[in-house]
Amino acid sequence: MRLVVTKMNLGLWAAAYIKEKINAFAPMPKKPFVLGLPTGGTVVDMYANLRLFYKNRLLSFKNVATFNMDEYVGLPLDHPQSYRSYMHCNLFDGTDFQPENIHLLNGQAKDLNQECAQYEAAIAALGGIDLFLGGVGRNGHIAFNEPGSAFNTRTRLVDLTPSTIEANSRFFLNDPHRVPKQALSVGIGTVTDAKEVLFLASGEKKAEAVAHLAMPGKDLNWPITALKLHPHATLLADPEACEQLPEPFKTQLARQMDETPTGEHWTLHIED
Ligand code: GLP
């Protein structure tokens with residue numbers, strides 16, 4: 001996989017990349033481009049830039065299908081902190097996304113197992129996900145696959161760890177007791193089955209997770225390392241998220257940044 005480091009706004013870099021991918025694919029009603037989508041603070045700018053591209057007619061979502069990666073269990077669908085609300089507010093509303101192309105997990109479904117099975121079936125029915133976008137938890141989680149999740153997991157009901165509840169309490173009046181304790185989440189296998197994967201990591205709080213990605217091997221305790229299973233995976237990071245990079249990557253990155261200080265981005269190849 002590759003680690004792309006940039007001083008540019010990560011959201012702008014990612015949105016420009018997504019725009020190129022969708023436009024090159026030239027999606028049609030019967031052959032939509034299928035995106036896997038995350039929530040979280042890191043990707044707010046990415047969505048803002050995608051909306052800007054739409055507004056400026058550089059991109060259409062008409063033939064783009066989406067599958068969100070996760071949703072809290074137990075929150076009303078229209079709760080301001082539900083991932084459904086987040087997606088409508090940050091991306092879908094006011095664009096040309098077709099409602100039937102939008103797929104969101106329902107954390108209020110009567111039968112949560114059936115909800116998850118249907119979600120996997122809907123992904124398969126569209127021929128799989130073309131580009132899975134994601135963020136990274138401080139503890140290395142991807143979607144809501146917490147440390148210890150098997151790398152072949154599929155969409156399912158999961159328990160959140162105290163660390164994730166604490167991290168996400170900032171969206172719930174800083175009160176961890178208000179954060180749901182469970183969620184529905186695509187599995188690590190669901191993510192790595194995508195044709196391409198692009199994850200974003202911003203800030204020093206993600207530095208430990210990025211450091212683990214760069215260490216040899218795959219580590220169940222750091223779900224982000226599953227991305228190394230993927231032949232076409234990119235982690236896009238800012239320099240702060242790379243502060244704890246181990247050798248030889250630390251030196252490689254410093255050298256590249258010295259050689260092309262005005263570069264748009266620098267690329268490191270992380271082999272398993
Ligand atoms: C939540 C989401 C993850 C996301 C993570 C990081 O836990 N389930 O998909 O990657 O938050 O969020 P942030 O970008 O706010 O750090």
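For clarity, every value in this text was computed on a predicted model and none was experimentally measured.

Student: Explain the packing of helix α1 (residues 10–25) against helix α2 (residues 44–55) to me, please; I cannot follow it from the model alone.
Tutor: The interhelical angle for the contact between α1 and α2, taken along N-to-C directions, is 45°, at an axis separation of 7 Å. Classified by the angle between their axes, α1 and α2 sit oblique to one another. Considering the relative orientation of α1 and α2, their crossing is right-handed. Judged by residue contacts, G11, L12, A14, A15, A16, I18 and K19 of α1 engage D45, M46, N49, L50 and F53 from α2. Grouping the constituent residues of the contact of α1 with α2 by class yields 8 nonpolar, 2 polar and 2 charged.

Student: Is there a simple way to think about the packing of α2 against helix α3 (residues 83–92) in this case?
Tutor: Packed helices, taken two at a time, are described by the angle their axes make and the gap between the axes. Between α2 and α3, the shortest axis-to-axis distance is 8 Å and the interhelical angle comes to 45°. Taken together, the axis directions place α2 and α3 in an arrangement best described as oblique. Between α2 and α3, the residues in contact are V44, Y47, L50 and R51 and Y86, M87, H88, C89, N90, L91 and F92, respectively. Classifying every residue of the contact of α2 with α3 by side-chain character gives 8 nonpolar, 2 polar and 1 charged.

Student: Help me understand the sheet that holds strand β3 (residues 64–68) in this model?
Tutor: Within a sheet, neighbouring strands are paired by backbone hydrogen bonds and run either parallel or antiparallel to one another. Reading across from one edge, β5-β3-β2-β6-β9-β10-β1-β11 is the order of the 8 strands in this open sheet, with mixed pairing throughout. Each edge of the open sheet is held by one strand with a lone partner, namely β5 (102–103) and β11 (266–269). Alignment of strand β6 (residues 131–135) against strand β9 (residues 196–201), held across 5 bridges, turns out to be parallel. Residue pairing for β9: F132 is matched across the bridge by V197. Contacts from helix α4 (residues 112–125) reach β3 and β5, with the element oriented near 155° to β3.

Student: How should the pairing of β9 be read in this particular structure?
Tutor: Side-chain positions along a regular strand alternate between the two faces of the sheet. With 6 of its 6 residues buried, β9 lies for the most part within the structure. Remark: the β9/helix α7 (residues 207–214)/strand β10 (residues 233–237) crossover connection has right-handed handedness.

Student: Can you walk me through the sheet that holds strand β4 (residues 70–72) in this structure?
Tutor: Taken together, 3 strands build an open sheet; the order of strands is β4-β8-β7 and the sheet is antiparallel. Every other strand in the sheet has two partners, leaving β4 and β7 (156–159) as the edge strands with one partner each. Averaged over all pairs of adjacent strands, the angle between their axes in this sheet comes to 30°, without regard to strand direction. Here 3 bridges tie β4 to strand β8 (residues 182–185), and the two strands are oriented antiparallel to one another. Following the sheet pairing, Y72 is matched in β8 by A183.

Student: Sorry, what's going on with α2 here?
Tutor: Every α-helical turn comprises 3.6 residues, leaving residues that sit three or four positions apart pointing alike. For α2, built from 12 residues, the straight-helix expectation of 16 Å at 1.5 Å per residue is met to within 8% by its first-to-last C-alpha distance of 17 Å. Within the span of α2, buried status applies to M46, Y47, N49, L50 and F53. Viewed end-on, α2 has its buried residues packed into an arc of 160°, placing them on one side of the element. Contact partners of the buried residues in α2: α1, β2 (33–37), α3, β6 and β9. Directly beyond the C-terminal end of α2, a positive phi value near 60° is found at R57.

Student: What is the right way to look at the site of the ligand in this model?
Tutor: Close to the ligand lie 14 residues; G41, T42, D70, R170 and K206 are nearest. Between the ligand and the protein, one listed contact pairs an oxygen atom with a backbone N or O atom of G41 at 2.7 Å. Surface burial for the ligand is 94%, taken as the share of its 390 Å² of free accessible area covered by protein chains. Taken together, the residues that form the shell around the ligand break down as 5 nonpolar, 6 polar and 3 charged.

Student: So what exactly am I meant to see when it comes to the packing of aromatic side chains here?
Tutor: Given two aromatic rings, their pairing is described by the distance between the two centres and the angle made by the two planes. Tallied over the entire structure, the rule returns 11 aromatic pairs. Measuring from centroid to centroid gives 4.8 Å for Y72 and Y83, while their planes differ by 45°, and the two rings are tilted. Note that Y72 is positioned in strand β4 and Y83 in helix α3, a separation of 11 residues in sequence. Judged by relative accessible area, which is 1%, Y72 ranks as buried. Members of the aromatic cluster, joined through ring pairs, are Y54, F61, F92 and F97. Between the NZ or CZ atom of K19 and the centre of the ring of F53, over which it lies, the distance is 5.0 Å. Between K31 and the ring centre of F25, over which it is positioned, the NZ or CZ distance is 4.2 Å.

Thresholds, definitions, all that
- Residues numbered from 1 in each chain as written.
- Predicted model: local features only at pLDDT ≥ 70, side-chain atom pairs only at ≥ 80, totals over all residues.
- Heavy atoms only, no water.
- Axes fitted to C-alpha atoms, helices over the stretch in contact; angles between N-to-C directions.
- Helix = DSSP H or I, 4+ residues; strand = E, 2+ residues; numbered from the N terminus.
- Parallel < 35°, antiparallel > 145°, perpendicular 65-115°, else oblique.
- Left-handed = near helix turned anticlockwise from the far one by under 90°.
- Contact = heavy atoms within 4.5 Å.
- Nonpolar A, V, L, I, M, F, W, Y, C, P; charged D, E, K, R; others polar.
- Pairing = 2+ DSSP bridges.
- Buried < 20%, exposed > 50% of the residue type's maximum accessible area, 1.4 Å probe, protein only.
- Right-handed = clockwise from strand over helix to strand, strands pointing away.
- Expected span 1.5 Å × (residues − 1).
- Arc of directions from axis to C-beta.
- Near = heavy atom within 4 Å.
- Polar contact = N/O pair within 3.5 Å; in protein donor to acceptor, adjacent residues only side chain to side chain.
- Areas by Shrake-Rupley, 256 points an atom, 1.4 Å probe, with all protein chains shown as cover.
- Phe/Tyr/Trp six-rings, centres within 6.5 Å; stacked < 30°, edge-to-face > 60°.
- Lys NZ or Arg CZ within 6 Å of the ring centre and 35° of its normal.

The quantities given are spatial measurements derived from coordinates; they are silent on function.
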